[in-house]
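Structural features, examined
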Amino acid sequence: MLVAWKYRPRDTFIQRLDPRARLTFLACIILAVSGAQVWDIRLLLPLFILTMVLYLMARIEWRDVWRAWAFILFLVIFIVGINGLLAGRGGPTAVLQDQSAALYKSPTLHIPFTPWSITLTITVVRSFFAITQIVRMLTMAILAIPIPYTMDPSIYGVTFRRMGLPDKASFTMDLAFRFIPTLGRDFMITVDAQRARGYELESAKGGVISRLRRLAPLIVPVTMSAIVTGEEVIDAMDLRAFGARQRTWTRQLHLEIKDYLFIALGVAILAFFIAVRVLGYGEFWVPEFWYQLAQ
Amino acid sequence: MKLSEEYPLVVENLSFRYHSRPELAIQDVSFQLRRGELLLVAGASGCGKTTLARCINGLIPRSYRVDRAGSVFIHGKEVSAMSLVEVAQVIGTLLQDPERQIVASNVWNEIAFGPENLGLSTQEIGERIDQVIARLNIEHLRGRDTFTLSGGEKQKVALAGLLVMRPSILLLDEPLASLDPASAHEALAIFRSLADEGSTILLVEHRVEDALAARPDRLLYMSAGRVRYLGAVDSLPPEIDHREVKLPAPWVVQRVHQTQPTQSALQPPPQAVAEGAPLIEFKDVSFAYGDGPEVLHEVNLKIHQGDLIAVLGPNGAGKSTLVKHAIGLLKPTRGLVQVEGVDTRKMTVAQTARKVGYVFQSPTHMLFAPTVREELAFGPSNLGYSRDEIEQNVVASVAAVNLTGLEEYPPLGLSFGQQKRTGIASVMAMRSMIMVLDEPTAGQDYANYTQFMEILCGESGEDGKSLLTANFAATLFITHDLDLAVTYANRVILVGEGRVVADGPPEQVLRDFELLQRYRVRPTSLLRMNLDLLSKTGRFLPAEALAVYA
Amino acid sequence: MDNQSGLWSFSTRQVVYGAIGAALYGVFSWITNVIPLPAAGNVTFRPAVAVLIFFGIAYGPWVGLIAGLVGNTLGDGLSGWGFFWNWSVGNGLMGMIPGLAMAMIQDYRSGRSIGIGIGWGALGIAVGMLFASLTEMFVGGIDLSTALVGYFTPAFIGNLVVTAVLLPILMVAFAGVTSRRGR
Ligand SMILES: Nc1ncnc2c1ncn2[C@@H]1O[C@H](COP(=O)(O)OP(=O)(O)OP(=O)(O)O)[C@@H](O)[C@H]1O
Ligand SMILES: Nc1ncnc2c1ncn2[C@@H]1O[C@H](COP(=O)(O)OP(=O)(O)OP(=O)(O)O)[C@@H](O)[C@H]1O
Ligand SMILES: [Mg+2]
Ligand SMILES: [Mg+2]
C-alpha cells in the first residue's frame, strides 16, 4: 500500500488555470455560501450548477474519485439525517418557527432503557430545508474535491508564497509533501517488522483501550524515527543556507487574462451574495408547489 | 594568519565537548589542507569524526551552542565569524544518509534548493543546475521524484545539491555507508576527480580499504577524540589499530607478523548436512508486487539443518523480497514456499514466526517499548509463551548479544549498534529455529560489526559452539560486505535479477570473479588472499588467521 | 529538543518539524480511513490525534498549528475528500494549544509532565473540536444541538480517549530519544 498523491497531469482548462486563481475562487465561493448565509435555493442552484460544470471540466477519472463521492454522499445524508432528528433551536430562523404542515409523521419511537421517546415529524418546511442544505454542501464539496487530483503537489509552496505567506511557512508545505511517501513506506515496513514478531493488528481482543494500546508498536517507531531524521534534516538545510536570505522560487507562476477573469467571477459571486444579504433578501424560501404536497 | 591564506582549511588545536556529556568529543586537533588535497579521516565509531566535521562547517558552535576551544580558518577566516550564506558557498557537507539530506520531492527542485536560498536569479540557477547535472552525468535523473531514487542515485543527487553552490571545500561524512560496493566505487571515483579539479576534500570513512580507491593524499586517524596519526597512506602506520578500521588484508597480515600470529576465536563453520528433509523449501517461486513487474523468477532453494548462509547481490536484486517469503510476509504469486513441509499460505505470519525469526535491516523500524526488557518480551508474548518462559528467553537473549545491564534502559536511547543488537535479541527471544538477518552490519562501523559478528558466529564459551549454531538450526543473512561471506558463512547464495545465480560453499562460489563482477560484487583483498592461500588453509579465514600461513 | 528557544520563534527547526508533523498526521489519518479501527457507537477513533498533540507539546504552538492545519488537509486530500476548511482550522487549534505548554515540560518521562500533556491536550481538543462543530452550523446549516450532540461530543470523547491512551506512550518513547542526542 503505497501513499500516492492522486494528482495526474491533464490538459484541461482547470489545470491550465493559475493555482492562485483557483484557490481564490474556492475561498470566494466558500465564503459566499457559508459566510453570507444565503438560504434561497433560487440563488444557490445556479451556483451549484456552475461548480458542477467546473467539476466536469476537470475530467477526473471516475475510478479515482468514486470513494470521495461515496464519502460526501454519506456525509450529506448523515448530517441531514441527524439534523432532521435533532432539529430545534438555532439554524436559519425560518426553520425555527416551523408551524408548517407535516408531510410525514413517524410512529413514536421509544429509545431503549431511557424514559425518552421521539416522534420524527418531517414537515414541509423542514423537508425543503434539507434539500437546500444538500445543495449548499454539494456546491462546496464539488468545488473542493478536484483540488488534490488536479493541482501539482510541487507548486503549493510557491503558490502560497506568491499569495503572501513568508518564505519559511511556504516551504513547509513543500517539505511536508516530500515526507509523505517516505513516512508511508516506513509505516508499511514497520507493520511487516512487527508482524514478523507475531504482532497481529487484526486480532480484536479486548476493549477499545487495549486495542488502541496495540497501535503503539506501529505508531511509536514511525514517529520516533521521523523525529531523529528531523534533527539531521535541520542541519542539512542550515548548511544549505535555508532562511538566510530572501528565497528565489524558481518555479514561475503567471496570472493570465483567463485567471483574472476567473478571480473576478469568484469575487463577483461573493459580492453579489453579500449584497443580497445586506439588502435583506436570500432568506430561506419554499416554493408554493411544495406546500401542495402536504395535502 | 599568513599560513591560513595559502591553505583553504586550517584547524588549530581544536577541542569541543557536548554539554550533555562529561568528556571531550575531540581534543586539540590541528591540521591544514592544501587546495585539491583529499584527506581521509578514519577512526572507530564515537571517535569524533562527525564532531570534527560539524566544527569545520560551523554547525558547532552555531547550532550546538557550546563553547569551542581552538580555531577553524576557512580561507583565512574564522568559521564562527562567517554567516550561513558565506559558509554555504565555501563548504559543502554530505551527510551519511542521503535520505536525510534530501528536502525536495523531485530531483530538479532538490538541486535548486541551495541556490534558491542564496537568492540567485532564476536564470543563473538554471545554468548552474545544467552544469552539475552534466558534471555528474545524471541527466537521466533530472525529472525523477526523489522518493523513487535508489540509494546510490540519492547520494549523487545530494552531491549535486552541494556542488551547485560551488564550494571549494567538501566534507563527506561516511558517504558510502548506504551504498552497495559497486555504487560506492563509482562515488569514490567522483570524489577523486573533484579533488583533481581543485576541491579540498575531507572524506570520513572507517572502511579504509574501500576508501583507498579514491587515492587519498593523506590519512588522519583518530581515536577517543585525538589525532593519532596524520600522514601518508601507502603502508600501515604503527599508530593505527587494525581492529578499529577496515584495512586491506595484506596490511593486517603484515601487522600480525610484526606482533605475534594468533589463532582467531573463530570456529570453522560446521558444514551443513544436506541430507534429510529441508527446513525451508522454495519450489519454483515467482513473485511480483501487486501488478508490478515480476521480481522473483522460478526460485528453487532448500535450507537445511546447519546452514549458515550469506546472501549476496546488488541493490534491487530481490534479496529482501526472497527472504520475506521464508516467513510468509510475502506469499509467492506462483510456486510455493514450505516451512517444515507446511505451505506458508496455510499459516499466519505469527505462526510462521514461531519457526522463522526475521530481523529487519533497520532497528528504528521496530523499537518502541520503554525498556529493553519489554522490547524483548513483545515477540514471545505475542506468540503466547508463558510468563516465566518469556522471562527466561529475555534473560538468555540479553546475555547472548551482551546487553546485560541495559535491561531497564530505553531502546530508543541506545547507540545505533546497541539498537541493532536489541533488534536481534528481540527476535532471538522468540526462540525460532531459523534466524534470518537482513544486512545485520549495515550502518555499524567496522570495529562494532566485526565484534558483533564475532558474538553471533564466534565461539561463545560452552562447547565451542557459536551463538547462532547453539541457538538456531540454520541462519541466513543478507549482506553487501563480501568479507562477511568469506569469513562467517558455510554457504553463499548469489542473487541477481530475481534469480539464484550461484549457490554453494564460499570457497566454490566466490572463486568465479567473472560471475561476481557481473552481479556488482567487488572481490576484496581478503578474498584474493584467501584464494591464493586456499591450498594451505583448506578453507576461507579472516585476515588475522591468514597470517599463520602467509 | 531545545526548549530554551522562545515559544513563538519560527526557525528551520519549526519548519522541519512542522512539515514532519503534518506529513505524519496526514499519513496516519489517511491510514485510519483505510484500516478498520475500534469504534464505539458513533464515536470513531483517530489515533493520529495523539501524534498531533505530541508534536504540539514537544515543538511548540507553531509546529502544532502547522501539523494540525496542513496535516488534516493533507489527510483529506490523500483520501480524496476535498477540503473542509473549518475542520482543518479546528485541528490546527487542537495542535497549537497544547504547544503553549512546551516550556513547562522538561522530563517527558515524569508523571507530572504527562499530566500536563494530557491536560493541555484535552483543552486543545475541546477548543479545536468546538470551533469545528460550531462553524459547521454556518457551513452545513445544522442547528446548535446537532452541532454539540452530533459533532462535538463524539469527536471530543474519541480524541480525548486516544490522547489519554497514546500520548503517554509517545512521551516516554521521546524521553528515550532525547536521552540519546541532546543539543
Ligand atoms: N549531538 C550530540 N550530543 C551529545 N553527544 C554527542 C552528539 N553527537 C555526538 N556525540 C558524542 O560525541 C562523541 C563523538 O561523536 P561523533 O558522532 O563525532 O563520532 P563519529 O566518529 O562520527 O562516530 P560514528 O562513526 O558513529 O559517526 C561520541 O561519544 C558521541 O556519542
Ligand atoms: N514494497 C514494494 N513495492 C513495490 N516494489 C518493491 C517493493 N519492495 C521492493 N520492490 C522492488 O523489488 C525489487 C527487489 O527489491 P528488494 O528490496 O528485494 O531488493 P534487495 O536485493 O533487497 O535490494 P537492497 O540490496 O537494496 O536491499 C526492486 O526493484 C524494488 O524496487
Ligand atoms: Mg559520524
Ligand atoms: Mg534489501
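Residues numbered from 1 in each chain as written. Chains lettered and ligands numbered in written order. Predicted model: local features only at pLDDT ≥ 70, side-chain atom pairs only at ≥ 80, totals over all residues. Heavy atoms only, no water.

**Re the interface of chain B and chain A**
Contacts between chain B and chain A engage 56 residues on the former and 48 residues on the latter. Buried surface at the junction of chain B and chain A, summed over both partners, amounts to about 4700 Å²; 58% is from carbon and sulfur atoms. Looking only at chain B, the three residues that lose the most surface to chain A are Arg100, Phe147 and His365 of chain B, adding up to 17% of its buried area. On inspection of chain B and its partner chain A, the count reaches six salt bridges. Arg197 of chain A is the partner of Glu375 of chain B in a salt bridge, and the nearest nitrogen-oxygen pair spans 2.9 Å. Looking at the side of chain B that touches chain A, the elements with two or more residues in it are helix 4 (84–90), helix 5 (107–118), helix 6 (122–135), helix 7 (151–163), helix 12 (349–353) and helix 13 (372–382) of chain B. Across the side of chain B that touches chain A, the residue classes tally to 33 nonpolar, 17 polar and six charged. (Contact = heavy atoms within 4.5 Å. Buried area = accessible area lost by both parts, 1.4 Å probe. Salt bridge = Lys/Arg side-chain N within 4 Å of Asp/Glu carboxyl O. Helix = DSSP H or I, 4+ residues; strand = E, 2+ residues; numbered from the N terminus. Nonpolar A, V, L, I, M, F, W, Y, C, P; charged D, E, K, R; others polar.)

**Quick look at the sheet that holds strand 6 (residues 91–94) of chain B**
All names here are of chain B. Spatial strand order, 6-7-8-3-9-10: six strands in an open sheet with mixed pairing. Where the open sheet ends on each side, the last strands, each with one partner, are strand 6 and strand 10 (226–231). Here the average twist between neighbouring strands, direction ignored, is 15°. Pairing geometry for strand 6 and strand 7 (residues 169–173), over four bridges, is parallel. Bridging across to strand 7, Thr93 finds its partner in Leu171. This element, helix 2 (residues 49–56), spans strand 3 (38–42), strand 6, strand 7, strand 8 (200–204) and strand 9 (218–223) of the sheet and lies at about 155° to strand 7. (Pairing = 2+ DSSP bridges. Axes fitted to C-alpha atoms, helices over the stretch in contact; angles between N-to-C directions.)

**Describing the side chain of Arg178 of chain A**
Within the secondary structure, Arg178 of chain A sits in helix 9 (residues 167–195). Among the residues examined, Arg178 of chain A registers a relative accessible area of 5% and is labelled buried. In this view, Arg178 of chain A contacts Glu99, Ile102, Val103, Ala104 and Ser105 of chain B; residues no more than four positions away in its chain are not counted. (Buried < 20%, exposed > 50% of the residue type's maximum accessible area, 1.4 Å probe, protein only.)

**Here we look at the site of ligand 2**
All names here are of chain B. Taken together, Tyr289, Val295, Pro314, Asn315, Gly316, Ala317, Gly318, Lys319, Ser320, Thr321, Glu439 and His480 form the complete shell of residues around ligand 2. Residue Thr321 places a side-chain N or O atom 2.5 Å away from an oxygen atom belonging to ligand 2. By residue class, the composition of the shell around ligand 2 is four nonpolar, six polar and two charged. (Near = heavy atom within 4 Å. Polar contact = N/O pair within 3.5 Å; in protein donor to acceptor, adjacent residues only side chain to side chain.)

**Topic: the interface of chain C and chain A**
At the interface, 64 residues of chain C touch 71 residues of chain A. Taking both sides of the interface into account, the surface hidden between chain C and chain A amounts to around 5700 Å²; carbon and sulfur atoms contribute 78%. When the buried area of chain C at its contact with chain A is split by residue, Thr12, Leu78 and Trp81 of chain C rank highest and sum to 9% of it. Linking chain C with chain A are one salt bridge, by the criterion used here. A salt bridge links Glu231 of chain A to Arg13 of chain C; its shortest N-O distance comes to 2.7 Å. Our count for the chain C to chain A interface comes out at eight residue pairs in polar contact (both at pLDDT 80 or more). Elements represented by at least two residues in the side of chain C that touches chain A include exactly helix 1 (12–32), helix 2 (48–59), helix 3 (61–79), helix 5 (111–139) and helix 6 (144–180) of chain C.

**A word on the layout of surface pockets**
To find the voids left in a structure, one rolls a probe of water-molecule size over its atoms. Approximately 1200 Å³ is the volume attributed to the second largest pocket. Those elements that place two or more of their residues in the lining of the second largest pocket are helix 4 (62–86) and helix 6 (124–144) of chain A together with helix 1, helix 3, helix 4 (85–99), helix 5 and helix 6 of chain C. Here the residues of the lining of the second largest pocket sort into 31 nonpolar, 11 polar and three charged. (1 Å grid on protein atoms, 1.4 Å probe; cavity = no way out; pocket = protein on both sides within 12 Å on 5 of 7 lines; lining within 4 Å. Points joined across faces, edges and corners; volume = space filled by probe spheres on them.)

**As for the site of ligand 1**
The environment of ligand 1 is formed by 18 residues, the closest being Ser45, Gly46, Lys49, Thr50 and Thr51 of chain B. Bordering ligand 1 are residues originating from chains B and C. For ligand 1, an oxygen atom lies 2.5 Å from a polar atom in the side chain of Ser45 of chain B. Within the side chain of Glu174 of chain B, one N or O atom sits 3.0 Å away from an oxygen atom of ligand 1. For ligand 1, whose accessible area on its own is 620 Å², the fraction buried by protein is 86%. Residues belonging to the shell around ligand 1 are distributed by class as follows: five nonpolar, seven polar and six charged. (Areas by Shrake-Rupley, 256 points an atom, 1.4 Å probe, with all protein chains shown as cover.)

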